[in-house]
Amino acid sequence: MLVLKQRAIKRIDFAILVALQLGIKLTHSKWNQFIGKLRESHKGSKKRLKRVSNAKIQLKADSIMRPTKLGSPLPEYALPPHSSDVENLFFQHRWLFLIEGDLSSPEANQKKSSKIEAWIASQPEKGSPIWEAYSCSERIANLVNWISFIPRKQSSSLISESIRDFIDETIQWLLERIEFYGSNTNNHILNNARALILGGMFNGNVEAVNVGARICDQFVDDLIQSEGFCRERSSHYHLLLLSWLCDIERVLSQAGLERLEAFSKISSAKSRATLAAQELTNSKGKLAILIGDISPDQSPDQTTEVLKNFHKIELQTSELRNGAYSLDDWHFIQISDSKVILNWPKSFPPKFPTHEHCDLTSFTWTKDDEPLLVDRGRSRYSKDGSRFKEAWMHSCPTVNGCSPGCESLAQSSNYFPLPYAKTRIRPAVAHEDALTVEHNGFQRATPVEFHSREIALTQNAVRIRDSFRGQGAVEIEFYWQLATEFKPVDTRRFQSSSGSELVIQIFAENSDLAILQLGPDEGVEHCAQYGKEEPAYAWKVSAKTSLPCEIKTVITRKTCAE
């Protein structure tokens, strides 16, 4: 039987401290439910927590120091410097460098250990932003992952008592600052749980493991929806949360805690999220298309490498679907190797924190693993990056300058003034090879009462029919965002370096049409990695017309041989 190694860590009245930290009323029903479970574990015990759900935790120190055979080394990643972006400061203190490079190299691992020791010796004061909960979670998770992946004969000499004490200290700090925000709780709480479980397993802190497991039990099925997609509505964040679930499942399994009720939820969520991830990746196991925000913690390519090399997740799907289908709030059309992806929420504005953008009716299109129509990503979370969320940076229409949902009436792209921007959305309807979506998001500020978009796909073309219902004269503008590889040939044609060509055709009766090209000079940029902008191009189609009207667009992909 494994024996828990006792370490001197004071017991914390978790509920009161977290409530005071966040200013949350304890009358909130979900908070009470969550805290009730935790407080129940504290009753009548002055010792560490001994039980999580239906399984006893009995650990020994280093219980997860079991090296995993890794694939190719993880490439290095760094944010491009930017003085006004606080993410640059956070990144320097989240220790991603620990899991990069060759983890079997004694010389490289010694340098990493020395770097950690130096940081601990001169660590910032607790009032520093460096000690916010998410950064603490990243430090602990990256540190323990590194320890668990390097050879045991190295780790015994590299992991000092000061590092162990630092893990204990950070766990206690984090326990007082769990990122619970009532109904607005988002993905951060899962990262908090990951850090508590990984750090607790390594140092033999059952209390931390218990709290982390209970967080997972409470929130994992909210964050990972029934058909596997991350509720945050970002393709990159989906992969990131999948890697967190893999971390948690791995260490609990290594400690023999599969009997936990929380473990079955975590394992089920990981399986669902893996199948969903295969819908977002291409035949090479890379993220096929970016939709929504990009995390500053890792590049998308690095995240897929973590999943493949550290967690042995198969990202390529062996089962090729054909036709239109929906999973959670994501919608797809696939015809052989041609695929359309549409991110379509049930309501707008969404009722929970997300990493999505202003993308009502916007979609992406890939063919032969080549991105054609894209989401622009987002350059930064600072104010200067918010333009990437605007409607004109997505493949969707505007009416009289207002975007779907009319969020352009707000002064900030992150703020939706209710009830003014409230949009009624009809569920997407999947046909054999097409999707239809409808909403009344233009109604607040324009004569358009309802907008309907039908997207139909063939192997080499996407056909879009936009119908606008209402009365009056309007100016409708369409924006079609092209992958960075495409450069203009003439007004209606773009060509990539690989020889692919995109051609646009517009059909609109009784409309004054104009087709323009937008490029870097007009502010069009693409961001496939946080903070790294690349010049890009788009079509802008302007139609001055009277309502009701219907406008058809056909975008065809050709090759040099055609």
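This one's a predicted model, so the numbers in the text were calculated from it and none came from an experiment.

Enquirer: So what's going on with the overall build of the protein chain? Residues and values would help.
Expert: Looking only at helices and strands, the protein chain has 12 helices and 19 strands in total. Pairs at least 24 apart in sequence give 72% of the contacts found in the protein chain among residues at least 6 apart. Total accessible area computed for the protein chain in this model is approximately 22400 Å², and 49% of it derives from carbon and sulfur atoms.

Enquirer: Report on empty space enclosed by the protein, specifying residues and quantitative values.
Expert: As enumerated under the stated definition, the model contains 3 cavities of 30 Å³ or more in all. In this structure, the largest cavity occupies an estimated 110 Å³ of space. Mapped by element, the contributors of at least two residues to the lining of the largest cavity are helix H5 (133-149), helix H10 (235-254) and helix H12 (300-310). By residue class, the composition of the lining of the largest cavity is 6 nonpolar, 5 polar and 4 charged.

Enquirer: So what's going on with the pattern of salt bridges? Which residues, and what values?
Expert: Once the charged atoms of two side chains with opposite charge are near each other, the side chains can pair. Summed over the entire model, instances satisfying the criterion amount to 30 salt bridges. Between Asp85 and Arg380 there is a salt bridge; the shortest N-O distance is 3.3 Å. With Asp85 in the loop between strand E2 (55-56) and helix H3 (86-91) and Arg380 in the loop between strand E7 (370-373) and strand E8 (397-399), the pair connects residues that are 295 residues apart, well separated along the chain. Among the salt bridges present, the one from Lys540 reaches Glu477, with a minimum N-O distance of 3.4 Å. With a gap of 63 residues between them, Lys540 in strand E19 (residues 538-558) and Glu477 in strand E12 (residues 461-481) connect regions that are remote in the sequence. Note on accessibility: Lys540 and Glu477 belong to one class, buried. Taken together, the salt bridges that share partners define one network made up of Glu87, Arg94, Glu132 and Asp297.

Enquirer: Provide a residue-level description of H5, including the pertinent values.
Expert: Between its first and last C-alpha, H5 extends 24 Å over 17 residues, near the 24 Å set by a 1.5 Å rise per residue. Of all the 17 residues making up H5, 17 are buried; the element is thus mostly covered by neighbouring parts of the structure. Regarding H5, its N-cap is Glu132, as a side-chain oxygen of that residue lies 3.2 Å from the backbone nitrogen of Tyr134 further along.

Enquirer: Account for helix H8 (residues 188-203), naming residues and giving values.
Expert: Taking 1.5 Å per residue, 16 residues should reach 22 Å; H8 reaches 22 Å between its end C-alpha atoms and fits that length. Following H8 by one or two positions, Gly204 has its phi on the positive side, about 75°.

Enquirer: Describe in detail the environment of Phe149, supporting the description with residues and values.
Expert: Among the structural elements, Phe149 can be located in helix H5. Phe149 sits in the buried class, given a relative accessible area of 3%. Measuring from C-alpha to C-alpha, the distance between Phe149 and Thr68 comes to 5.5 Å, with 81 residues separating the pair along the chain.

Enquirer: Account for unusual backbone geometry, with residues named and values stated.
Expert: Here Leu547 and Pro548 are connected by a cis peptide whose omega angle stands at -5°. Residue placement: Pro548 occurs in strand E19. A positive phi angle, near 50°, is found at Asp328, a position not held by glycine. A relative accessible area of 14% means that Asp328 is categorised as buried. In this model, Asn400 sits at a positive phi of 50°, which is unusual for a non-glycine residue. Within the secondary structure, Asn400 sits in the loop between E8 and strand E9 (425-430).

Enquirer: Could you give an account of the packing of aromatic side chains, with specific residues and numbers?
Expert: This model, assessed by the stated rule, comprises 20 aromatic pairs. Summarising the aromatic geometry, the rings of Tyr77 and Phe91 are spaced 5.5 Å apart at their centres and angled 90° between planes, so their arrangement reads as edge-to-face. Within this pair, whereas Tyr77 is found in the loop between E2 and H3, its partner Phe91 is found in helix H3, the two being separated by 14 residues in sequence. Residue Tyr77 is classed as buried on the basis of its relative accessible area, which comes to 7%. Ring geometry for Trp119 versus Trp131: centroids 6.4 Å apart, planes at 45°, classification tilted. Placement of the pair is Trp119 in helix H4 (residues 106-121) and Trp131 in the loop between H4 and H5, with a sequence separation of 12 residues. Judged by its relative accessible area of 13%, Trp119 falls in the buried class. According to the relative accessible area criterion, Trp131 is buried, its value standing at 2%. Aromatic ring contacts, followed pair by pair, group Trp95, Trp119, Trp131, Phe166 and Trp173 into a single cluster. Here the basic side chain of Lys115 rests over the ring of Phe97, its NZ or CZ set 4.2 Å away from the ring centre. Directly above the aromatic system of Trp173 lies the positively charged group of Arg177, at a separation of 3.2 Å from the ring centroid.

Conventions and cut-offs
- Residues numbered from 1 in each chain as written.
- Predicted model: local features only at pLDDT ≥ 70, side-chain atom pairs only at ≥ 80, totals over all residues.
- Heavy atoms only, no water.
- Helix = DSSP H or I, 4+ residues; strand = E, 2+ residues; numbered from the N terminus.
- Contact = heavy atoms within 4.5 Å.
- Areas by Shrake-Rupley, 256 points an atom, 1.4 Å probe, with all protein chains shown as cover.
- 1 Å grid on protein atoms, 1.4 Å probe; cavity = no way out; pocket = protein on both sides within 12 Å on 5 of 7 lines; lining within 4 Å.
- Points joined across faces, edges and corners; volume = space filled by probe spheres on them.
- Nonpolar A, V, L, I, M, F, W, Y, C, P; charged D, E, K, R; others polar.
- Salt bridge = Lys/Arg side-chain N within 4 Å of Asp/Glu carboxyl O.
- Buried < 20%, exposed > 50% of the residue type's maximum accessible area, 1.4 Å probe, protein only.
- Expected span 1.5 Å × (residues − 1).
- Polar contact = N/O pair within 3.5 Å; in protein donor to acceptor, adjacent residues only side chain to side chain.
- Phe/Tyr/Trp six-rings, centres within 6.5 Å; stacked < 30°, edge-to-face > 60°.
- Lys NZ or Arg CZ within 6 Å of the ring centre and 35° of its normal.

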